[in-house]
Amino acid sequence: VPLVESGGGLVQPGGSLRLSCAASTFTFSTYGMSWYRQALGKEREWVAGITRSGEGAAYGDSVKGRFTISRDNAKNTVYLQMNSLKPEDTAVYYCNAIDGSHDYWGQGTQVTVSS
């Protein structure tokens, strides 16, 4: 399995979680990485992306200022730090790796924000 997410769970509104996505079977440092999410009954939504080197990152409007994407190429892992979580952040979160020729997805990790 090329990508495995972890770190999801149940958290109260205003809380924090850090998701991890461990990569294997491909050269991680040559791939741009992104996080997506899909809430029940909704389309998959792009959350954040990071360049191969980790020097550039971008965020969806709904998470800007609250989420931070980062990567450790030595550990073949991408992270998503989620702060100030809201109930509307509840979704299955997926990581994605893309290099223009290949496109890999993880199995997803559930994040539930509820009191």
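Conventions adopted
Residues numbered from 1 in each chain as written. Predicted model: local features only at pLDDT ≥ 70, side-chain atom pairs only at ≥ 80, totals over all residues. Heavy atoms only, no water. Salt bridge = Lys/Arg side-chain N within 4 Å of Asp/Glu carboxyl O. Helix = DSSP H or I, 4+ residues; strand = E, 2+ residues; numbered from the N terminus. Buried < 20%, exposed > 50% of the residue type's maximum accessible area, 1.4 Å probe, protein only. Phe/Tyr/Trp six-rings, centres within 6.5 Å; stacked < 30°, edge-to-face > 60°. Lys NZ or Arg CZ within 6 Å of the ring centre and 35° of its normal. Pairing = 2+ DSSP bridges. Axes fitted to C-alpha atoms, helices over the stretch in contact; angles between N-to-C directions.

*Asks:* Give a detailed account of the pattern of salt bridges, specifying residues and quantitative values.
*Replies:* For the structure on display, the rule yields 4 salt bridges. Between Arg66 and Asp89 there is a salt bridge, and its shortest N-O distance comes to 2.7 Å. Taken together, the positions of Arg66 in the loop between β6 (57–59) and β7 (67–72) and Asp89 in the loop between β8 (77–82) and β9 (91–98) put the pair 23 residues apart, joining distant regions of the chain. Residue class for Arg66 comes out buried when judged on its relative accessible area of 11%. Asp89 gets classed as buried once you look at its relative accessible area, which sits at 1%. One salt-bridge network, held together by shared partners, links Arg37, Glu45, Arg66 and Asp89.

*Asks:* Run through the packing of aromatic side chains, naming residues and quoting values.
*Replies:* Summed over all chains, the structure comprises 4 aromatic pairs. On the numbers, 4.9 Å between centres and 55° between planes, the contact of Tyr36 with Trp105 is tilted. With a gap of 69 residues between them, Tyr36 in strand β4 (residues 32–38) and Trp105 in strand β10 (residues 103–105) connect regions that are remote in the sequence. Ring pairs connect the aromatic residues Phe26, Tyr31 and Tyr104, which therefore count as one cluster. A cation over an aromatic ring shows up here: Arg44 above the ring of Tyr94, its NZ or CZ 3.9 Å from the ring centre. For Arg44, the ring lying beneath its charged end belongs to Trp105, and the centroid distance is 4.7 Å.

*Asks:* Quick one: what's the story with the sheet that holds strand β3 (residues 17–23), residue by residue and with numbers?
*Replies:* Read across the open sheet, the 4 strands follow the order β1-β3-β8-β7; overall the sheet is antiparallel. At either margin of the open sheet sits one strand with a lone partner, and together these are β1 (3–6) and β7. Strand after strand, the sheet turns through a mean of 15° between neighbouring axes, direction not considered. Across 4 bridges, β1 lies against β3 in antiparallel orientation.

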